[in-house]
Amino acid sequence: MTLLMISAMALIMLIFMPGMYNSKKWNTLIYAVSILVFVLSFAGLRDQILSVTEST
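A brief look at the structure comes next. (Residues numbered from 1 in each chain as written. Predicted model: local features only at pLDDT ≥ 70, side-chain atom pairs only at ≥ 80, totals over all residues. Heavy atoms only, no water.)

Turning our attention to the packing of aromatic side chains. Across all of its chains, the model carries one aromatic pair by this definition. Ring geometry for Phe-38 and Phe-42: centres 6.4 Å apart, planes at 5°, overall stacked. Remark: Phe-42 and Phe-38 occur in helix α2 (residues 24-47); sequence separation between them is four residues, near one turn of the helix. For Phe-38, a relative accessible area of 33% corresponds to the partly exposed category. Under the relative-accessibility criterion, Phe-42 is labelled partly exposed at 44%. (Phe/Tyr/Trp six-rings, centres within 6.5 Å; stacked < 30°, edge-to-face > 60°. Helix = DSSP H or I, 4+ residues; strand = E, 2+ residues; numbered from the N terminus. Buried < 20%, exposed > 50% of the residue type's maximum accessible area, 1.4 Å probe, protein only.)

Written out as structure tokens, the structure is:
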């Protein structure tokens, strides 16, 4: 869940403060990684990947 919040925060920060990094390459990389982390962490939360339950 932390990854979900941090990736969303990174996107919001770049949207509201685009001058934080002057390089367009860095901004594009941060956008791409943030979106990828958001989607993967959301899918992981939905599928409960890290929840280990043993059936008896």
